[in-house]
Amino acid sequence: YRVVCAGSMLWAWTLPDWNLEISTPPPGGLPGSRIGLFQFVTSDLLALVYESDLQSVEIWSLGLQQRDGDLLRAPSPIQRLVTSPENGLIAAGLFDGQVIIWGLENRQVVFQQRLEDQPIMWLGLSADGRRLMTATSLPLVHVWDISSAALIAEIEPPETFTALTFSADGSFILWADKNGLITVQEVEDGSLIQQIESGVPVQEIHLSPDQRRVAVLTMLGDIYFYELTP
């Protein structure tokens, strides 16, 4: 198990003893550039986007401490980056409203479609690689079937939402508003599953891999954990 922190430096620790493996400047990009976006693709491979080159994704090996293959190139600046380690997929939401998905094994594009008319500000990928969630600055969340690019559902959270995530199985979404209300909704019919009052504005929201717990980062820098209703 590993934990990675990235920015102007890249750190990696091995759990459970928190042994420091890496402490180094960003492995690629332009001199002095920061890592703006990063996600695990496997326990060894990271997908990185540098602030100096928002149209490239670098695959970087923690074990070898070097780039693994060529850069993946997007046709427009990357706004969001997500991965599906279960299927080896890397998805990028772009400034021009496109979503592009690469397969890790062959590093080829497996999906590319303009899904929104504005920059994609939120992006989610189901663990099975079948569904995709997108949202722009407008309060409309779209869920798509990846194989056909067909719209499955459209959900409208309030304009005050500040954080958004997608369940691993693609069956529900979670969003939080500026008042700290966390809402869990079904994708298919938009029905309400659960609401949680955190009491403080939420900056980020994440689901545990087993989808039983929610972790939220508040605007005050605190992290709260909540159990989801079975």
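The rules behind these values
- In this convention, every chain numbers its residues from 1, walking through the sequence in written order.
- Restriction of local features to residues with pLDDT of at least 70 applies here, the model being predicted, together with a cutoff of 80 or more for giving and counting side-chain atom pairs; totals for whole chains, interfaces and linings are based on all residues.
- Working from all heavy atoms in the structure, the side-chain values ignore hydrogens and water.
- Numbering of helices and strands runs from the N terminus; a helix is a DSSP stretch of H or I covering at least four residues, while a strand is a stretch of E covering at least two.
- Burial status follows relative accessibility: with a 1.4 Å probe on protein chains alone, a residue under 20% of its type maximum counts as buried, one over 50% as exposed, and anything between as partly exposed.
- Any two residues whose heavy atoms approach within 4.5 Å are treated as being in contact.
- For salt bridges, the criterion is a side-chain nitrogen of Lys or Arg within 4 Å of an Asp or Glu carboxyl oxygen.
- At least two bridges found by DSSP between two strands is the condition for calling them paired.

Peer 1: So what's going on with the environment of V3? Which residues, and what values?
Peer 2: Looking at the secondary structure, you find V3 in strand β1 (residues 2-6). Since its relative accessible area comes to 26%, V3 is described here as partly exposed. In this structure the C-alpha to C-alpha distance between V3 and P85, which are 82 residues apart in sequence, comes to 15 Å. What V3 contacts, discounting residues up to four positions off in sequence, is W11, A12, W13, L15 and W18.

Peer 1: Before we move on, could you go through the pattern of salt bridges and cite the residues and values that matter?
Peer 2: Applying the stated rule across the entire model yields nine salt bridges. Between R2 and E21 there is a salt bridge, with its nearest N and O atoms 2.7 Å apart. Residue R2 is located in strand β1, and its partner E21 is located in strand β3 (residues 19-24); the two are separated by 19 residues in the primary sequence. Measuring nitrogen to oxygen at the nearest pair gives 3.9 Å for the salt bridge that ties D96 to R114.

Peer 1: I'd love a proper account of the pairing of strand β21 (residues 202-207), names of residues and values included.
Peer 2: Of the strand pairs in this sheet, β21 and strand β22 (residues 213-218) are connected by five bridges, and their pairing is antiparallel. Considered in β22, the bridge of L207 is made with V214.

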